[in-house]
Amino acid sequence: MVVKNSLSKAIITPEKIIKNDTLPLKKQDSIQLDTIKPKEAITDLITHVAKDYTTQNATKKTVTLYNEAHVVYTDIDLKAGIIIIDYIKNTLFAKGIKDSTGYNQKPVFKQGGQESEQDSMIYNFKTKKAIIYGIRTRQEPGMFILGEKSKRVNDSTIYMRNIKFTTSDKEKPDYYIGVKKAKVVPNKKIVAGLSNLVIADVPTPVFLPFAYFPMGKNRTSGFIFPAIQTGTSNRGIGIQNGGYYFAVNDYVDLELLGDIYSNGSWGFRARSQYYVRYKFSGGFNLSFEKLIRSTRGFDDYSEATNFNIRWSHRQDPKASPNSNFGASVNLGSSQYFRQSLNEFNNSNFLTNTFSSSISYQKTFAGTPFNMSANATHSQNTNTGTVTMALPSLQVSMSRIYPFAGKGGIKKNPLQKIGLTYNMQGEYRINTSEDEFFTAKMFETANAGVQHRSDISTNITLLNYFTLSPNINYKEVWNFKKINKTYDPTLQNTDGSFGTVVSDTIGGFSNFREYGTSVSLSTNIYGTFNFKKGRLKAIRHTIRPSVSFSYRPDFADRYNETVQSNLEGTEFETYSPFDGGTSLYGRPGAGLSNTIGISLNNVIEGKLAPEDPDSDEEDRKITILNNLNFSSAYNIAADSLRWSPVNASLGTRLLKDKLALNLNASLDPYQINETGQRIDKFVKGLPRLTRANLTANYTLSSRDFNGENKDNSGNGNGNQVTPDVLGKNLNPTNSFASDPSSSQNNNEEEEITELYKSTIPWSLNLAYSASYANNGVNNIGIQSHSVMFGGDFDLTPKWKVGFSSGYDIASGGFTFTRMNFSRDLDSWRMSFNWVPFGNNQSYVFFIGVKSGILSDLKYEQNKPPDRVLF
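Residues numbered from 1 in each chain as written. Predicted model: local features only at pLDDT ≥ 70, side-chain atom pairs only at ≥ 80, totals over all residues. Heavy atoms only, no water.

1. Focus on the environment of N324
Right, on to step 1. Turning to its location among the elements, N324 is positioned in strand β28 (residues 323–332).
Right, on to step 2. Sequence separation between N324 and K362 is 38 residues; the distance between their C-alpha atoms is 6.7 Å.
Right, on to step 3. Apart from residues no more than four positions distant in its own chain, N324 is found in contact with Q315, S359, Y360 and Q361. (Helix = DSSP H or I, 4+ residues; strand = E, 2+ residues; numbered from the N terminus. Contact = heavy atoms within 4.5 Å.)

2. Points about the pairing of strand β3 (residues 46–50)
Right, on to step 1. Only one face of β3 is covered, namely the face carrying I46, H48 and A50; the face carrying T47 and V49 is uncovered.
Right, on to step 2. Two strands pair when backbone bridges link them, and β3 and strand β5 (residues 62–73) are joined in this way by 4 bridges, in the antiparallel orientation. What sits directly across from I46, in β5, is Y73. (Buried < 20%, exposed > 50% of the residue type's maximum accessible area, 1.4 Å probe, protein only. Pairing = 2+ DSSP bridges.)

3. Some thoughts on the pattern of salt bridges
Opposite charge on two side chains makes pairing possible when the charged atoms of those side chains draw close.
Right, on to step 1. Under the definition given, this model contains 24 salt bridges.
Right, on to step 2. Salt-bridge contacts for R534 lead to E610; the nearest nitrogen and oxygen are separated by 3.9 Å. With R534 in the loop between β37 (524–529) and β38 (535–551) and E610 in the loop between β41 (592–607) and β42 (619–634), this pair connects stretches of sequence that are 76 residues apart.
Right, on to step 3. Overall, the relative accessible area of 34% leaves R534 in the partly exposed class.
Right, on to step 4. Residue classification places E610 among the exposed positions, given a relative accessible area of 67%. (Salt bridge = Lys/Arg side-chain N within 4 Å of Asp/Glu carboxyl O.)

4. So, the packing of aromatic side chains
Aromatic ring pairs are reported here in terms of the distance separating the ring centres and the angle at which the planes meet.
Right, on to step 1. Applying the stated rule across the entire model yields 25 aromatic pairs.
Right, on to step 2. Summarising the aromatic geometry, the rings of W311 and F325 are spaced 6.4 Å apart at their centres and angled 45 degrees between planes, so their arrangement reads as tilted. A residue pair is termed long-range when its members are at least 10 positions apart, and W311 in strand β27 (residues 302–315) and F325 in strand β28 qualify at 14 residues.
Right, on to step 3. Ring centres of F436 and F437 lie 4.2 Å apart, and the angle between their planes is 25 degrees; this geometry places the pair in the stacked category.
Right, on to step 4. Judged by relative accessible area, which is 54%, F437 ranks as exposed.
Right, on to step 5. Members of the aromatic cluster, joined through ring pairs, are Y73, F109, Y123 and F125.
Right, on to step 6. A cation over a ring is seen here: K164 above Y176, with NZ or CZ 4.7 Å from the ring centre.
Right, on to step 7. One Lys or Arg, K410, reaches over the ring of Y401 and ends 4.6 Å from the middle of that ring. (Phe/Tyr/Trp six-rings, centres within 6.5 Å; stacked < 30°, edge-to-face > 60°. Lys NZ or Arg CZ within 6 Å of the ring centre and 35° of its normal.)

5. Side note on a nonpolar patch on the surface
Right, on to step 1. A cluster of nonpolar residues, I228, I237, I239, I260, W266, F268 and F288, forms a patch on the protein surface that exposes about 630 Å² of accessible area.
Right, on to step 2. The residue I228 is located in strand β22 (residues 227–229) in this model.
Right, on to step 3. Accessibility expressed as a relative area gives 48% for I228, which makes it partly exposed. (Patch = residues over 30% accessible without salt bridge, like charges linked within 9 Å, V, L, I, M, F, W, Y side chains within 5 Å. Areas by Shrake-Rupley, 256 points an atom, 1.4 Å probe, with all protein chains shown as cover.)

6. Thoughts on empty space enclosed by the protein
Rolled over the atoms, a probe as big as a water molecule pinpoints where empty space is left.
Right, on to step 1. On inspection of all chains with the given rule, the structure shows 6 cavities of 30 Å³ or more.
Right, on to step 2. The calculated volume of the largest cavity comes to roughly 110 Å³.
Right, on to step 3. Lining the largest cavity are 14 residues; nearest its centre among them are S116, T137, Q139, R152 and I158.
Right, on to step 4. Looking at the lining of the largest cavity, the elements with two or more residues in it are β11 (114–117), β13 (130–139), β14 (143–154) and β15 (157–166).
Right, on to step 5. Looking at the lining of the largest cavity element by element, the count peaks at 4 residues for β13.
Right, on to step 6. Grouping the constituent residues of the lining of the largest cavity by class yields 8 nonpolar, 4 polar and 2 charged. (1 Å grid on protein atoms, 1.4 Å probe; cavity = no way out; pocket = protein on both sides within 12 Å on 5 of 7 lines; lining within 4 Å. Points joined across faces, edges and corners; volume = space filled by probe spheres on them. Nonpolar A, V, L, I, M, F, W, Y, C, P; charged D, E, K, R; others polar.)

7. Describing unusual backbone geometry
Right, on to step 1. With an omega of -5 degrees, the peptide bond running from L390 to P391 counts as cis.
Right, on to step 2. By the element assignment, P391 lies in strand β31 (residues 385–400).
Right, on to step 3. Phi angles above zero are rare outside glycine, and A200 is one such case at about 55 degrees.
Right, on to step 4. Here A200 shows up in the loop between β18 (195–199) and β19 (202–208).
Right, on to step 5. Positive phi values are uncommon outside glycine, yet N241 reaches one of about 60 degrees.
Right, on to step 6. On the secondary structure map, N241 appears in strand β23 (residues 238–246).

Structure representation (C-alpha cells):
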C-alpha cells in the first residue's frame, strides 16, 4: 500500500506499517515462540516532516520524504531534500535535489553537538555507523574538513578519504592541505598520512609524511616551527623562534623559543601568560642573547651578552575591593633593544630609560588610613646608572575633621579644620649596570623616613573671597650622616699639611621643619553677549590668588663646624645631611617670607545650532582652556626678591583637532657677563629665559564625510600626542592571531564593496620647539622638529602606513618607518620597512590567519646592523 500526502508530519514506528497491511497474520504456536526477544534496532520514535509529500511503502517497509525533509531521532537531527527510511535494513538515506539551479538541499546532519554538510549519506540505526559522500564539516577552532568519502564508525571516530583541511570558509577554499587518508576524532584530533599543501588548487612542493592536528577549544602542547633567516650577513644563516609550547593548564601556559646562527650567536626566550577569572592576569617574558659579530681573529670581531626581563600583573577589581597588587617590570641590559636580532620595539629602542614598579595598595575600611608598598627600578640606558627603591612604604591618612558637627556638618571655620598625615619610608640603591645584582650594589644604599602633616581650613569673606590658612610640619629620619674632622698629618697638593676629612657614619639622626601659609582667592566672571551670528555669548573667568608663606631658618639649628686650618683660626660650617646621606633633603636654609601671586584665565563660549529651527540646545565650547601667570616675592631676601614669572597657555582649535600648549619663563632681573642674576631690573619687558611650544593636529577622511561628530566643546586643552612612531613588531607570528584580521564570509558583498570603496585615511602631525636663553652662550632654538604619521587604504584589502619626522634644528630626518599589509582572506601579508638610520631594517611576513595553522607561514627579516661595542 502506498500513501501520499502534500504536507505531512507524523510519528512512525514499524508496528504502524504492519497494522496498515490488509493481509492477516497467521496464528503462531505459543510453543514455537522464543522467550528471548531480539533487541530492536530502532529504540525511539522517529519524527519527520516534509514540504511536498511523504510516501509510505508497507511492503518494503520504507518511508520517503521529499523537499525540505526533516527527521529527528534521539539526538540525531537530519535535514535534506530527500530522506528515505528503511525499517528492514534499519538505515536512513539522505541526499539533495538536483534541478535547473544545481544540486540543492544537501543533507545537514547534526548529532551530539557535531554538524556536517554532505552530498549524500547512509546511516544505520543498528550499528550507529554511516557512509558519507562529499562531506563538509567545521571543527573547533575554525578548521573546515572536506572529504570525498567518509565512514563514521561511531560518534567519536570518522575515517575519511581524499580530504581537504583548511581554515578558509569559501566554497572553493583559498588553500588546503590535501590528504589521502585520515582519522578524525571530532573536536579532539585529526591524524593524517602523507599531506600536501595546495594553494589556489595548485599543488606546492611542500609535503609532510604525516600530520597531527589538535582540535577542540582547550589548548594543547606542541612544537613551534622556526623561521629560516638569511638576511643577517654578519651572523650567517640562522633559525629563529623555534621551540615548544606547553599548555600547562587552563590558567597558565609556557612558550620556550630559541635562535641560533651559523657564526655561533644564539638566543633564548621564555614567555608565559596566566589568567584566573575575577582574580588576576599577567605575563612574564625572559630573554637572553649571546651575540657574536664577524669571525674570531678579525679586527671587527666582538661579543655581547644581553638579557631582558619583563613582567606585567593586573589584579581584577572584583578580587578585593580594598586592596590591589600590580606589577610592570622592564629591566635588563641597556643595549638589549638596540642590539637584539629579535626585537623590533620602537618605543623601547628610542627611549633611554627602563622603569619598573611592583606595588601593593591597601585601604583600611572604616578608617581614614591607607597604605602602599612599592618596589621601583629606573635605569638609564645611556649612562648605565641604576636606581632602585627596595622597598618604598607609604602610609597616609585622608583629611579628617575633628571639630565637625553631628553627621559631619561643616559650616563654620572651626568645623572645617582638617588634618592630614603622610609617612614615607624608602630604602634606595644607587648603582651601575656592571654592579647590578652583585653585593656591591648594597654598599652605597641609603634609607630614610619622612613624616608630613598639615592643618588647614577655609573661611568665606564678604561672600566672594575664600581665605585658606594652613600650618605644616615635616620631620625626617636618617640613618647616615656626614662627620667632618681636621687631620693635621695629611699633606695637601701644595705641600702644606692639614686638611678636612669627611666620613659617613651610621646611626639615627633627624631634623624638623614647620611653616605656615595663608591664601586668598576669588572668581571674577565677565559675560559678553552677541545678537548676530551663531556665537551667542563669551564668558571670561578670572581666578586671582594671593598667598603668603613663612618658614624659619632651620639650617643654623643643625649645622656643625669644623676646624679648617692648622692654627685653628678658621672654621668651616657644614650640614651633616649633605653628601646624599638624606633621601629627603636637608633643613631649609635661610628665612623664607614669601608672597605668591597667580592669575588663571578661562574663556568659554555658547554656540547656537546650525539650524535655527531645530530643537537642539546651545552648545558650550572652550575657546581658551587656560592662560596662567604666577610669580613670588620673598620679603626676607636681601636681593633678587622677585622670582621668575611662569606663564602657560593651552587651547584646542579647529573643532578640537588642533591642540596648542605654550610654556614660558620670564626673568625680571638682569645678568652679568658670567650669566649670574644681579639685583637690577630689566628695562622694559622681562627677559625670556625659556619657552616650549607643542602643537598636535589630527585629520582623517571621516572629517569630510560626516562620520565624526563635532565635539569641539569637549576640548580640555591638554596635549594628546598622536601615534607618529608606529606599532611595535613581533617578527614571528606577527599577524597570525591579529583580532582585526577576521575573514569576510560573503564573497559577493566583499567584491561589491571592493568596487565602490573609497580611500579611508588618517594623518597625525606633531610640532615641537624649545627656546633657551641664559644670556651668555646658550641662546636660541634648542630643539625644533616636526613629526608626522598616518595610514590609508588603497583598497579594502591593501593598507599603507607611515611615520617619520624632520629635525629642523639638526637638519635631518628622525626615525622613519613604512608598513604595507594585504588581506588575503585566509592569509595575511605584511611588509614593514625602516629605510634609513641606525635602525635600518625590514620584516616580511605571510601566513595563515587562523591560530590552528599558524605554522603555515613564511617570514624574512633583516635586523639592523647591530654594533656590539
